[in-house]
Protein chains: 2
Amino acid sequence: MKKIEENKNLIDELPCGVKTTMSVIGGKWKIRIIYALYLNINRFGVMHRHINNISKKMLTDSLRELEADGIIHRKVYAEVPPRVEYSLTELGKSLNKIINELNDWGLKNRHELIDQDNIKE
Amino acid sequence: MKKIEENKNLIDELPCGVKTTMSVIGGKWKIRIIYALYLNINRFGVMHRHINNISKKMLTDSLRELEADGIIHRKVYAEVPPRVEYSLTELGKSLNKIINELNDWGLKNRHELIDQDNIKE
DNA sequence: AGAAATAGTAACTTTTTAGTGACTAGATTA
DNA sequence: TAATCTAGTCACTAAAAAGTTACTATTTCT
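Residues numbered from 1 in each chain as written. Chains lettered and ligands numbered in written order. Predicted model: local features only at pLDDT ≥ 70, side-chain atom pairs only at ≥ 80, totals over all residues. Heavy atoms only, no water.

Brief notes about the overall build of chain A
For chain A, the count of helices and strands is seven helices and two strands. Relative to its 121 residues, chain A shows a buried fraction of 45%. For chain A, the exposed surface amounts to about 6600 Å²; the carbon and sulfur share of it is 52%. (Helix = DSSP H or I, 4+ residues; strand = E, 2+ residues; numbered from the N terminus. Buried < 20%, exposed > 50% of the residue type's maximum accessible area, 1.4 Å probe, protein only. Areas by Shrake-Rupley, 256 points an atom, 1.4 Å probe, with all protein chains shown as cover.)

Structure follows, in structure tokens:
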């Protein structure tokens, strides 16, 4: 049994990696976007059509943040009408394991969750 | 290479487990609380003192939600002043792996993140 | 000539999440 | 008698995240 006092601030220290990760994959759409890229859905318009209910603004905002975090790469082709292709970087691909585990835990324990109302659409 | 059309709605289907998990561990304080319980910090007041900057309201709200989701257990002792002890359920303990992975990814890739400003306090 | 297509942006509103400060009960201690 | 302790609640405000609508440029197609 650990002495509690020794853990002072540890609560703030350990999950600091969690905070970093959450700031990268958190938000309503980022994981969906990453998953779309994993499925080779890599153009803005196609993503917009495939990810249900996402607005262009949220798609743009999320793509920009993922790019700023080095999770995705954005390649612009000088054509008209414009063509832009997104892809996962190696760092982005490294999120795959985590995303799968989040998904697995959720699927496995879905029925255990007492208050189903807590799960938002 | 997968045919994109086959993946229609898959983007909404696969991460549905993710959504469940996120609704359980998401939010600003839940992982800190789970980690506190993991460290045997199990009383309201002690948690409040150990988790930096959390307000009583957020602590109460988060504890109630974790309880409703079956992640923690709340035991009230009929004493004065009141005593309440929280603990992780088996379901709660099963989150440990995921939390560690989130933490590890964050610690490992912290330096890779191009836009450090994206990481919020 | 007019419509379509792509990949967005700008300004604004709404919704959701988090934070603040005062307050409570009932026994115990100074 | 008054302060202290615990585990909260209540009403309210502030901040963050998400959503809405209208709009853009340039070339090709009809």
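What follows continues from the structure just given.
Quick look at the protein's contact with DNA strand D
Around DNA strand D, the surrounding shell holds 22 residues, and the nearest of these are Lys-28 of chain A together with Thr-60, Arg-74, Pro-82 and Tyr-86 of chain B. Of all DNA strand D atoms lying within 4 Å of any protein atom, the proportion belonging to sugar or phosphate reaches 72%. Within the contact set of DNA strand D, a phosphate oxygen lies 2.7 Å away from a side-chain nitrogen or oxygen of Tyr-86 of chain B. For the surface near DNA strand D, the elements supplying multiple residues, two or more each, are α5 (56-68) of chain A together with α4 (44-50), α5 (56-68) and β2 (83-88) of chain B. By residue number, the principal contributor to the surface near DNA strand D is α5 of chain B, which donates four residues. Here the residues of the surface near DNA strand D sort into eight nonpolar, four polar and 10 charged. (Near = heavy atom within 4 Å. Polar contact = N/O pair within 3.5 Å; in protein donor to acceptor, adjacent residues only side chain to side chain. Nonpolar A, V, L, I, M, F, W, Y, C, P; charged D, E, K, R; others polar.)

Some thoughts on the pairing of β2 of chain B
Residue and element names in this part refer to chain B. Alternating positions in β2 separate cleanly, Val-84, Tyr-86 and Leu-88 being buried on one face and Arg-83, Glu-85 and Ser-87 remaining unburied on the opposite face. In terms of strand pairing, strand β1 (residues 72-77) meets β2 through six bridges, oriented antiparallel. From the neighbouring strand, Val-76 faces β2, where its bridge partner is Val-84. (Pairing = 2+ DSSP bridges.)

With respect to the protein's contact with DNA strand C
Thr-60, Arg-74 and Tyr-86 of chain A together with Lys-28 and Trp-29 of chain B are the nearest of the 23 residues found near DNA strand C. Counting only the atoms of DNA strand C within 4 Å of the protein, the fraction contributed by sugar and phosphate is 71%. Residue Val-84 of chain A places a main-chain N or O atom 3.2 Å away from a phosphate oxygen belonging to DNA strand C. Interatomic distance of 3.2 Å between a side-chain N/O atom of Lys-57 of chain B and a base oxygen of DNA strand C. Where the surface near DNA strand C is concerned, the elements lending two or more residues are α4 (44-50), α5 and β2 (83-88) of chain A together with α5 of chain B. Tallying contributions element by element places α5 of chain A first for the surface near DNA strand C, with four residues. Here the residues of the surface near DNA strand C are counted per class, giving nine nonpolar, four polar and 10 charged.

Points about the side chain of Asn-103 of chain B
Mapped onto the elements of the fold, Asn-103 of chain B is located in helix α7 (residues 96-109). For Asn-103 of chain B, a relative accessible area of 5% translates into the label buried. Of the polar contacts made by the side chain of Asn-103 of chain B, one reaches the backbone nitrogen of Gly-17 of chain A; its length is 3.0 Å.

Focus on the pattern of salt bridges
For the coordinates displayed, the defined rule picks out 12 salt bridges over all chains. Among the salt bridges present, the one from Glu-85 of chain A reaches Arg-83 of chain A, with a minimum N-O distance of 2.8 Å. For Lys-97 of chain B, the salt bridge identified is with Glu-101 of chain A, shortest N-O distance 3.5 Å. In this pair, Lys-97 of chain B sits in helix α7 while Glu-101 of chain A sits in helix α7 (residues 96-109), so the two residues belong to two different chains. Judged by relative accessible area, Lys-97 of chain B falls into the exposed class, the value being 54%. One network of salt bridges, with partners in common, ties together Glu-79, Arg-83 and Glu-85 of chain A. (Salt bridge = Lys/Arg side-chain N within 4 Å of Asp/Glu carboxyl O.)

What to know about α5 of chain B
In an α-helix, one turn spans 3.6 residues; hence positions three or four apart end up facing the same way. Residue and element names in this part refer to chain B. The end-to-end C-alpha distance of α5, which contains 13 residues, comes to 18 Å, matching closely the 18 Å that a straight helix rising 1.5 Å per residue would cover. Inspection of α5 places Leu-59, Ser-62, Leu-63 and Leu-66 among the buried residues, and these make up the whole buried set. Along the long axis of α5, the arc covered by the buried residues comes to 100 degrees, so they all point the same way. Looking at the buried positions of α5, the neighbouring elements they touch are α2 (16-25), α3 (30-38), α4, β1 and β2. Looking one or two residues beyond α5, the residue adopting positive phi is Gly-70, at roughly 75 degrees. (Expected span 1.5 Å × (residues − 1). Arc of directions from axis to C-beta. Contact = heavy atoms within 4.5 Å.)

Focus on the nonpolar core
Core analysis: the biggest nonpolar cluster contains 63 residues, and Ile-25, Ile-33 and Ile-71 of chain A together with Ile-25, Ile-33, Ile-71 and Leu-102 of chain B have the highest contact counts within it. Each residue touching Ile-33 of chain A, except ones within four places of it in the same chain, is listed here: Met-47, Ile-51, Ile-54, Leu-59, Ser-62, Leu-63 and Leu-66 of chain A. (Core = buried A, V, L, I, M, F, W, Y, C linked by side-chain atoms within 4.5 Å.)

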